[in-house]
Amino acid sequence: MAAQLLQQVGQIGIPVKDLDRAITFYSDILNLPLLFQTERMAFYDLNGLRIMLSLPEKEEFAHTSSVLYYQVEDIQAVCKELLAKGAAFSGEPHVVTRMDNIETWMAFFTDSEGNTMALVSEVSV
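In this text the structure is predicted, and so the values were computed from the model without any measurement. As a convention, each chain's residues are numbered from 1 in the sequence order in which they are written. In keeping with the model being predicted, local features are shown solely for residues with a pLDDT of at least 70 and side-chain atom pairs are shown and tallied solely at 80 or more, while totals for entire chains, interfaces and linings include all residues. Hydrogens and waters are ignored; side-chain quantities use all the structure's heavy atoms.

1. A look at the layout of surface pockets
Then comes step 1: Both site types are read off a 1 Å grid over the protein atoms alone. A 1.4 Å probe that fits but cannot get out defines a cavity, while an open set with protein on both sides within 12 Å along at least five of seven lines defines a pocket; lining residues have an atom within 4 Å of a point. Grid points are joined across faces, edges and corners, and a volume is the space filled by probe spheres set on the points. Put simply, the largest pocket is a space of about 360 Å³.
Then comes step 2: Surrounding the largest pocket, 17 residues form its lining, L30, L32, L46, V72 and V78 being those nearest its centre.
Then comes step 3: Every element with two or more residues in the lining of the largest pocket is listed here: β3 (41–46), β5 (68–71) and α2 (75–85).
Then comes step 4: Sorting elements by how many residues they give to the lining of the largest pocket places α2 first, with four residues.
Then comes step 5: Residues are sorted three ways: Asp, Glu, Lys and Arg are charged, Ala, Val, Leu, Ile, Met, Phe, Trp, Tyr, Cys and Pro are nonpolar, and all the rest, Gly among them, are polar. Residue composition of the lining of the largest pocket, by class: 11 nonpolar, three polar and three charged.
Then comes step 6: Roughly 160 Å³ of volume is contained in the second largest pocket.
Then comes step 7: G13, I14, P15, M41, M52, S54, L55, P56, E57 and F61 are the residues that line the second largest pocket.
Then comes step 8: Elements represented by at least two residues in the lining of the second largest pocket include exactly β1 (11–15) and β4 (49–54).
Then comes step 9: A run of H or I in DSSP becomes a helix once it reaches four residues, and a run of E becomes a strand once it reaches two; helices and strands are each numbered from the N terminus. For the lining of the second largest pocket, the element with the highest residue contribution is β1, accounting for three residues.

Have a look at this one:
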């Protein structure tokens, strides 16, 4: 059997249209710690996973990102807090599946650049 080549996701790149606006959203609304920034990029830490916001180098990269699912303990409380800070949700937190005694809840929102993000919480019932 061949050795596994990929170990883990180390960084996720998110394309942005306005770097200053995106920095405000990720710093002030999502409350992620800013590691450093350059003229065209900003880097955040999410418990060891690096989030890179960047102005696209080429037009082919100027599209919205994949959906990022942020794990949270209390989805209702986090939604309420993010709404108070100005995050735009597309709907209320809701159950997407139930397996045995665990419900998986999700709520979708967009960042300042139009990228879809989600909160996910697994709740014992």
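2. As for the environment of D74
Then comes step 1: Take D74: it is sitting in the loop between β5 and α2.
Then comes step 2: Through-space distance from the C-alpha of D74 to that of M106 is 11 Å; in sequence the pair is 32 residues apart.
Then comes step 3: Here Q76 takes part through its backbone nitrogen, which lies 3.3 Å from a polar atom of the side chain of D74. Here a polar contact means two N or O atoms within 3.5 Å. Within protein one must be a hydrogen donor candidate and the other an acceptor candidate, and residues neighboring in sequence count only if both atoms are side-chain atoms.

3. Regarding the nonpolar core
Then comes step 1: Residues grouped as a nonpolar core are buried Ala, Val, Leu, Ile, Met, Phe, Trp, Tyr and Cys residues, joined through side-chain atoms within 4.5 Å. Only protein chains enter the accessibility calculation, which uses a 1.4 Å probe; a residue whose area is less than 20% of its type maximum is buried, one above 50% is exposed, and one in between is partly exposed. Ranked by size, the top nonpolar core spans 27 residues in total, and within it Y26, L30, L53 and L119 carry the most contacts.
Then comes step 2: Taken together, the elements giving at least two residues each to this core come down to α1 (19–29), β3, β4, β5, α2, β8 (102–110) and β9 (116–124).
Then comes step 3: If one sorts the elements of this core by residue count, α1 sits on top with six residues.

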